[in-house]
Amino acid sequence: RRPNLTRVRLTWDYNDVLEHMKTLHPAEELPICQLTKKLVTLMAILSGVRGQILYLMNTKFMDLQKDYVIFDIPELTKTDKPGSKMYQVRLDAYPYDRSLCVVHYLFVYLERTLSVRWGDKFVFLTYGKTGERQSRASRDTISRWITDMLKSAGVDTEVHTSHSTQTASTSGAVNTVSLQAIMR
C-alpha cells in the first residue's frame, strides 16, 4: 500500500497576510465585517489554535488587559480527554504596530459589538443590520471569515483552508520559538 501524502506540502507566508492586514486600519473606521475578519484571522495566526477554540472563546472566561488577553476554554475540545487541563490562549499586545495589535483590535471589536450582544458572552458574533441583535458565529462562519481574509491577501484558498493558519503560524515560529513552546 502506498503511504498517504499530505494534502499540502508547502504553506503560505503569514507575513504576506499580515502585510495585507496592515492596510486594513484604523480599527475604529473599518466596516464591522472587515474588523471581524481581521480580528479572527489575527487571533488564528498569532495563537496557532484550531477554529474550534476561536468558536469557544467567551468573554466570561476572558482576562483582557492593555498588554495582553487570556482566554480560558473550560469546555472540552475535539482533541481533549475528560479530566484534561483547561485550555488557555494568551495573546500579547503588539505596541510596535497598532495595525497588527490583536489586543487593540479586540478592545475595539468588543466596544463596537456591545450594543448588539444583549448578554451574549461568546466573542465572535455574526454581523448584520446595525442595531439588530446578533447571534453567536458558528465554527463554519469563523472558518469562512478566515478563508475570506486569506483570499483577499492573495493566498490560494483552493489549496489552503482556514485551518492552514495553524500550520503557517507554527512554521513561522520554528525559527523564533523553542520546540517545547510550539509543542504546548
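Residues take numbers from 1 onward in each chain, read along the sequence in its written order. At least 70 in pLDDT is required for a residue's local features to be given in this predicted model, at least 80 for side-chain atom pairs to be given and counted, and no such filter applies to totals for whole chains, interfaces and linings, which use all residues. To obtain the side-chain values, all non-hydrogen atoms of the structure were used and water was disregarded.

Novice: Describe the pattern of salt bridges, listing the residues and the values that go with them.
Specialist: By salt bridge we mean one thing: a side-chain nitrogen of Lys or Arg within 4 Å of a carboxyl oxygen of Asp or Glu. Enumeration over the complete set of coordinates arrives at 5 salt bridges. A salt bridge links Lys66 to Asp67, with the nearest nitrogen and oxygen atoms 4.0 Å apart. Partly exposed residues are those whose accessible area sits between 20% and 50% of the maximum for their type, while under 20% is buried and over 50% is exposed, using a 1.4 Å probe and protein chains only. With relative accessibility at 67%, the residue Lys66 sits in the exposed group. The residue Asp92 makes a salt bridge to Arg90 at a minimum N-O spacing of 2.8 Å. Assessed through its relative accessible area of 45%, Asp92 is described here as partly exposed. In this structure, a network of salt bridges that share partners links the residues Glu19, Lys22 and Asp97.

Novice: For helix α5 (residues 139-152), give the residues involved together with the corresponding values.
Specialist: Helical segments are the DSSP runs of H or I of at least four residues, strand segments are the runs of E of at least two, and each set is numbered from the N terminus. Take the residue count of a helix, subtract one, and multiply by 1.5 Å to get its expected span. Taking 1.5 Å of rise per residue, 14 residues should cover 20 Å, and α5 covers 20 Å from first to last C-alpha, within 8% of that figure. Buried within α5 we find Thr141, Ile142, Trp145, Ile146, Met149 and Leu150. Positive phi shows up at Gly154, right after α5, with a value of about 100°.

Novice: Kindly report on helix α2 (residues 32-47), identifying the contributing residues and their values.
Specialist: Here α2 is 16 residues long and its end C-alpha atoms lie 22 Å apart, about the 22 Å a rise of 1.5 Å per residue gives. Positive phi appears at Gly48, one or two residues downstream of α2, with a value of about 70°.

Novice: Got a sec to walk through the packing of aromatic side chains? Specific residues and values, please.
Specialist: Any pair of Phe, Tyr and Trp rings, taking the six-membered ring for Trp, is counted once the centres come within 6.5 Å. Such a pair is stacked with planes under 30 degrees apart, edge-to-face with planes over 60 apart, and tilted for the rest. In total, this model carries 3 aromatic pairs according to the counting rule given. Measuring from ring centre to ring centre gives 5.9 Å for Tyr109 and Phe124, while their planes differ by 45°; the resulting arrangement is tilted. Placement of the pair is Tyr109 in helix α4 (residues 102-117) and Phe124 in the loop between α4 and α5, with a sequence separation of 15 residues. No difference in accessibility class separates Tyr109 from Phe124, as the two residues are buried. Ring centres of Tyr127 and Trp145 lie 5.6 Å apart, and the angle between their planes is 20°; this geometry places the pair in the stacked category. Taken as a pair, Tyr127 in the loop between α4 and α5 and Trp145 in helix α5 lie far apart in primary sequence, 18 residues in all. Judged by relative accessible area, which is 3%, Trp145 ranks as buried. Just above the ring of Tyr55 sits the side chain of Arg136; from NZ or CZ to the centre is 3.7 Å. Charges are assigned to positions over rings by a cutoff of 6 Å between ring centre and Lys NZ or Arg CZ, combined with an angular limit of 35 degrees from the ring normal.

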